[in-house]
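Next come the chains, spelled out residue by residue.
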Amino acid sequence: RLRLRRGLVAAQVALSLALLVGAGLLARTLRHLMELDLGYRTEQLATFSISLPDRRYDSAEKQDAFFVALFERMAAIPGVERVGMTTVLPMLGSAGASLVIEGRPFQGDRPPEVRYGSVSDAYFRVMGIPIVSGREFAPGDESPGVRAVVVSASTARTFWNGADPVGARVRLGPDPREPWSTVVGVVGDVVLGAAGEAQPAVYSSMRYDRWGGGDVVVAFRSATPPLAELRNAVAALDPQLPVEGLRTVEAVHRDVLSNRRLP
């Protein structure tokens, strides 16, 4: 019995030490992520998710008209500076797409993969993501002959050896039937997901790469985030349309970090 008791005590001590070490590692990881330069601003930003139902917004014209009207209403709210939109906020992750560069054969069976997202014209300004070279998206980028993309600085370093890729043509996806897009700008790197790393990324314009919704981001200068006013702006256009996850981007950041667990 004495040997059994001693064995149980030793096991409890070992388990306690493992838990303490794990808690210390988790705290250090979270502290590192809280202090990390994300590459975008989190203060004085509000966000919410919205998705247009296909049965009522069954054409690109209807979707565009809704978002134009919504952005105008929200921009008119006192204290609001700018309004933008993306398929997914950086801290919530991103989709992936293969990248084919015109005139450059890729090695292996598949082209390299980059992070991918679709954004509105003002998105980079709203999020405080700097333009390194070239420009952001603008009216006219929806033309099939001018289809545009913006790449991140790490994409330029990785695939153009640091040279300016503005003017180069790329294709997202291995399908040769997909149209070529022209790189019109390079933006700063941002941390994607909760891993704490900036990965090569390519952005397309929501002017032609429509998803029927996404994460709306609103920059405001008032002391209090105008959350109720933003909800009312949506309801004024479509009372049946749900507004999901209405909160500040700082709250999104805190939630992502608080849900992080050690593997």
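Trainee: Which parts of the structure should I look at to understand helix α4 (residues 153-160)?
Mentor: Residues spaced three or four apart along an α-helix face the same direction, because each turn holds 3.6 residues. For α4, the tally of buried residues reaches 6 of 8 residues, placing the bulk of the element in the interior. If you check which residues of α4 are buried, you get Ala153, Ser154, Thr155, Ala156, Phe159 and Trp160. In this fold, the buried residues of α4 make contact with β3 (95-101), β4 (113-119), β6 (148-152), β7 (169-172), β8 (181-187) and β9 (201-205).

Trainee: Before we go on, may I ask you to explain empty space enclosed by the protein in this structure?
Mentor: The gaps left among the atoms become clear once a water-sized probe is rolled over them. All chains considered together, the criterion is met by 2 cavities of 30 Å³ or more. Listed by contribution, the elements that provide at least two residues to the lining of the largest cavity are β4 and β9. Of the residues contributing to the lining of the largest cavity, the split by class is 9 nonpolar, 6 polar and 1 charged. Of the pockets and cavities examined, the second largest cavity occupies roughly 50 Å³. Of all the elements, helix α6 (residues 249-258) adds the most residues to the lining of the second largest cavity, at 3 residues. Partitioning the lining of the second largest cavity into residue classes produces 7 nonpolar, 1 polar and no charged.

Trainee: Help me understand the pattern of salt bridges in this model?
Mentor: Once their charged atoms are close, side chains differing in charge can pair, the charge on each being opposite to the other. Within this structure, the stated rule accounts for 9 salt bridges. Taking the shortest distance from any N to any O, the salt bridge between Asp58 and Lys62 comes out at 3.0 Å. With a relative accessible area of 53%, Asp58 lands in the exposed category. On the basis of relative accessible area, Lys62 is assigned to the partly exposed category, the value being 41%. For Asp121, the salt bridge is made with Arg207, and the minimal N-O distance between the two is 2.6 Å. Of the two residues, Asp121 sits in the loop between β4 and α3 (123-127) while Arg207 sits in the loop between β9 and β10 (213-220), which places them 86 residues apart along the sequence.

Trainee: Please clarify how the packing of helix α2 (residues 60-75) against helix α5 (residues 227-237) should be interpreted in this entry.
Mentor: Contact pair α2 / α5: the axes reach a minimum separation of 9 Å and the direction vectors enclose 140°. Judged by the inter-axis angle, α2 sits oblique to α5. The crossing of α2 and α5 is right-handed. Facing α2, whose interface residues are Phe66, Ala69, Leu70, Arg73 and Met74, α5 presents Leu230, Ala233, Val234, Ala236 and Leu237. Partitioning the contact of α2 with α5 into residue classes produces 9 nonpolar, no polar and 1 charged.

Trainee: Sorry if this is basic, but what is going on with the confidence of the model for the protein chain here?
Mentor: The predicted coordinates of low-pLDDT regions are not to be read in fine detail. The share of residues in the protein chain with pLDDT of 70 or more is 83%, and the mean pLDDT across the chain is 85. Helix α1 (residues 2-35) is the least confidently modelled element of the protein chain, averaging 51 in pLDDT, while α5 averages 97, the highest of any element. The low-confidence segment residues 21-30, where pLDDT is below 50, has 7 contacts with residues more than four positions distant or belonging to other chains.

Trainee: I'm lost on the layout of surface pockets in this one. Help?
Mentor: Of the voids in this model, the largest pocket is the one considered here, and its volume is about 460 Å³. Around the largest pocket, the lining is made up of 20 residues, and of these Phe67, Phe71, Ser120, Met206 and Arg207 lie nearest the centre. Listing elements by their share of the lining of the largest pocket, those giving two or more residues are α2 and β2 (80-86). At 5 residues, the largest contribution of residues to the lining of the largest pocket is made by α2. A class-by-class count of the residues in the lining of the largest pocket yields 9 nonpolar, 5 polar and 6 charged. Here the second largest pocket is characterised by a volume of approximately 160 Å³. For the second largest pocket, the full set of lining residues is Tyr116, Arg147, Val149, Arg171, Leu172, Glu178, Pro179, Ser181, Ser204, Tyr208 and Asp209.

Calculation criteria
- Residues numbered from 1 in each chain as written.
- Predicted model: local features only at pLDDT ≥ 70, side-chain atom pairs only at ≥ 80, totals over all residues.
- Heavy atoms only, no water.
- Buried < 20%, exposed > 50% of the residue type's maximum accessible area, 1.4 Å probe, protein only.
- Helix = DSSP H or I, 4+ residues; strand = E, 2+ residues; numbered from the N terminus.
- Contact = heavy atoms within 4.5 Å.
- 1 Å grid on protein atoms, 1.4 Å probe; cavity = no way out; pocket = protein on both sides within 12 Å on 5 of 7 lines; lining within 4 Å.
- Points joined across faces, edges and corners; volume = space filled by probe spheres on them.
- Nonpolar A, V, L, I, M, F, W, Y, C, P; charged D, E, K, R; others polar.
- Salt bridge = Lys/Arg side-chain N within 4 Å of Asp/Glu carboxyl O.
- Axes fitted to C-alpha atoms, helices over the stretch in contact; angles between N-to-C directions.
- Parallel < 35°, antiparallel > 145°, perpendicular 65-115°, else oblique.
- Left-handed = near helix turned anticlockwise from the far one by under 90°.
- pLDDT = per-residue confidence, 0-100.

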